[in-house]
Amino acid sequence: MVDGGAQVFSSWFASEGFDGSTDRQIRRGFSIRSFSLSKPPMAAAMGTSPVLEILVREPDGYSIWNGPPFNNNNQPGIKLEKVPCSSAKFSEDGSRLMVTKTDCAISIYDSSTLKEIRCFQIPHVASALSPCGTYLQTFQKSTTPQEKNVVLWSVETGDPVYQQFQKNMTKATWPSIRFTADEAVACRLATNEIQFFDPADFSKGIIHRLRIPGVAAVELSKSPGSHVAAFVPESKGSPASVQIYPCDKELQSQPLARRSFFRCSTVQLNWNRGSTGLLVVVQADVDKTNQSYYGESKLNYLTTDGTFEGLVPLKKEGPIHDVQWSFSGKEFAVVYGFMPANATIFDKKCKPLLELGSGPYNTIRWNPKGKLLCLAGFGNLPGDMAFWDFVDKKQLGTTRAECSVTSEWSADGRYFMTATTAPRLQVDNCIKFFNYNGSLFFKKMFDKLFQADWKPESPEKFSEIAELIKSVDSMKVEETKSQGQGSTSKKPAPANPPAKKPAAYRPPHAKNAAAVQAELFGGSSTGEMSKNALKNKKKREKQKEKKATEAAAAASCDT
């Protein structure tokens, strides 16, 4: 029974820092007391869970790695060797892979088999894949409205299913046709209206329109795709507003929720999973209080049932650095305020649940399993990271990932990946994997790295991270004495040893000055006093004491 348990957990032990002789260690006398190895937790789930995969793109092309835990001497296995390309991206559900090649070809692959499904020869385009990989959307520059430069292609047949003209492409208007996560609803932002389509049959054209004068941005809810949020900027003295409408035509006569505000240039719309709440980050280019060069921002919250429409109560003034919903959609976390920034977790009723403290943070990444989250400071910050257990309300560990450009949790919730990529940074490009408690698991340097992405997978396909952590934390691995042999127990090293405090900087001339001073005044360059210096110090102290006693005696005589 022990051998079977060792085989099940060998890969996990290796990922947590144990050496590769896990089986031999168990045979020598290690005992695991918290559970029976005859039925290791999640053994069945571990056998059926998909393998993690990573897309890595370098100047000479992209490759696909097998994700952690690694079995090849703690090195990632290569599922696909390098293929030349200029860009590569998975669909949102991870089922398809879109690769743009140097010869103006766009190839769509099945991400599980890596076999090419379709190749489109379209020069000089911007492209986007629908969430489930059913459609490819392309944009080409056009000179006349008669030329339909936005084309929606069927990946299965390779035929265009819808075409239209679009004058230019911006972040707010691309992709031109938006889909919900399940591709059940499709819509397009047009002048003063939102146009809806039938995703199963685009030959029907526009099936209905939602009239919203001045609408400048839209965001469909994720899952289910039952609502759409619309942003209308300020105009002629009237305030800007965000409105929520149902996607069903019969229910679109009035907005379900509406929030108006002044001093608004742009907004970020963030739906939760379940389509019950919308977080709106309102950004103004100018801060009228002159407290921030980057303008000012506010966080608003709206619910589809109308129970809450207002500002999120934050304890500190300053910008909204980041906001993210949990995978369950029942909580959201916010990093806000002037540095050092605060971080707080709220529930769906906008009530604070947990304060994560303050520090040099501007990024928050919620674990897909919902139990853990990472609080980090990237960009122009030094890269500090704090890993938290939201359920137990405790900090698991801290570490640092300097100069990180991208960061994300794995779909199984066990690993956190950071990457330093070009063109943002041209030196020290690397990929780092951290365990859920912040301990470094793997690091690889690159001459130049453009991209590092997890292959998207549904977190529901993996076992619960809470069960894994509970079972691992409850394991008491201790060395016992074998028959006829003595053994010595070794205290395991902490996963995150405290960082040594850096010494104060001393310029080279200061070191020489210390040596000269030691020769002149009887001191020591190492900070220790010589015998002569100690004698002089004692003489000075005695003289001070003598003067103090004489002064006290004189004062008593005067009285």
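Residues numbered from 1 in each chain as written. Predicted model: local features only at pLDDT ≥ 70, side-chain atom pairs only at ≥ 80, totals over all residues. Heavy atoms only, no water.

An unreviewed UniProt entry annotates the chain as Eukaryotic translation initiation factor 2A originating from Hibiscus sabdariffa. In its Sequence similarities (unreviewed entry) section, the UniProt entry covering the chain states "Belongs to the WD repeat EIF2A family." (UniProt positions renumbered as here; feature names shortened; annotations may be inferred.)

A.B. asks: Give me the overall build of the chain: which residues, what numbers.
C.D. replies: Within the chain, the regular secondary structure consists of six helices and 38 strands. Split into buried and exposed, the 559 residues of the chain put 45% on the buried side. Partitioning the contacts of the chain with sequence separation of at least 6, the portion at a separation of at least 24 is 43%. Only carbon and sulfur atoms are counted for the fraction: they give 51% of the accessible area of the chain, which is about 30200 Å². (Helix = DSSP H or I, 4+ residues; strand = E, 2+ residues; numbered from the N terminus. Buried < 20%, exposed > 50% of the residue type's maximum accessible area, 1.4 Å probe, protein only. Contact = heavy atoms within 4.5 Å. Areas by Shrake-Rupley, 256 points an atom, 1.4 Å probe, with all protein chains shown as cover.)

A.B. asks: Help me get a handle on the nonpolar core, residues and values and all.
C.D. replies: Judged by nonpolar contacts, the single largest core of 18 residues is most densely connected at Ile54, Val56, Trp65, Met417, Ile431, Phe433 and Trp454. When contributions to this core are tallied by element, the ones reaching two or more residues are β2 (53-58), β34 (415-420), β35 (429-435), β36 (440-446) and β37 (451-454). In contact with Trp65, not counting residues within four places along its chain, are Leu52, Glu53, Ile54, Val56, Pro76, Gly77, Ile78, Lys79, Ile431, Phe442, Lys444 and Phe446. Among the nonpolar cores identified, the runner-up in size contains 16 residues, and Ala229, Ile244, Trp271 and Val282 belong to it. (Core = buried A, V, L, I, M, F, W, Y, C linked by side-chain atoms within 4.5 Å.)

A.B. asks: I'd like to hear about the pairing of β36, residue by residue, with values.
C.D. replies: Pairing analysis gives six bridges linking β35 to β36, with the strands arranged antiparallel. Within β36, the residue paired with Ile431 across the bridge is Lys444. Between β35 and β36, which pair antiparallel in sequence order, lie four residues; one of them, Gly438, sits at a positive phi of approximately 95°. (Pairing = 2+ DSSP bridges.)

A.B. asks: I'd like a description of the pattern of salt bridges, backed by residues and values.
C.D. replies: Summed over the entire model, instances satisfying the criterion amount to 18 salt bridges. Close ionic contact of Glu53 with Lys79 constitutes a salt bridge, the shortest N to O distance being 2.7 Å. Of this pair, Glu53 sits in strand β2 while Lys79 sits in strand β4 (residues 78-83); the two residues are 26 residues apart in sequence, bridging distant segments of the chain. In this structure, Lys432 and Glu402 form a salt bridge, with 3.8 Å as the shortest nitrogen-oxygen distance. (Salt bridge = Lys/Arg side-chain N within 4 Å of Asp/Glu carboxyl O.)

A.B. asks: Account for unusual backbone geometry, naming residues and giving values.
C.D. replies: At the junction of Met339 and Pro340, the peptide bond is cis and its omega measures out at 0° in the coordinates. A cis amide bond links Ala422 with the next residue in sequence, Pro423, at an omega value of 5°. The topology assignment puts Pro423 in the loop between β34 and β35. Phi angles above zero are rare outside glycine, and Asp428 is one such case at about 55°.

A.B. asks: Just give me the short version of the sheet that holds strand β11 (residues 150-154), but keep the residues and values in it.
C.D. replies: Pairing is antiparallel across the open sheet formed by four strands, whose spatial order is β9-β10-β11-β12. The open sheet has two edge strands, β9 (126-129) and β12 (160-164), and neither has a second partner. Geometrically, the sheet is characterised by an average inter-axis angle of 15° between neighbouring strands, direction not taken into account. Looking at chain direction, strand β10 (residues 135-139) and β11 are connected through five bridges and run antiparallel. (Axes fitted to C-alpha atoms, helices over the stretch in contact; angles between N-to-C directions.)

A.B. asks: Lay out the pairing of strand β18 (residues 227-232) in plain terms, naming residues and giving numbers.
C.D. replies: Most of β18 sits out of view: six of its six residues are buried. Burial along β18 is two-sided: the residues His227, Ala229 and Phe231 and Val228, Ala230 and Val232 are all buried. The pairing of strand β17 (residues 217-220) with β18 spans four bridges and is antiparallel. Within β18, the residue paired with Leu220 across the bridge is Val228. Here β17 hands over to β18 after six residues, the two strands then running antiparallel side by side. Summarising the sheet, β18 and strand β19 (residues 240-246) pair through six bridges and their orientation is antiparallel. Counted as the bridge partner of Phe231 is Val242 from β19.

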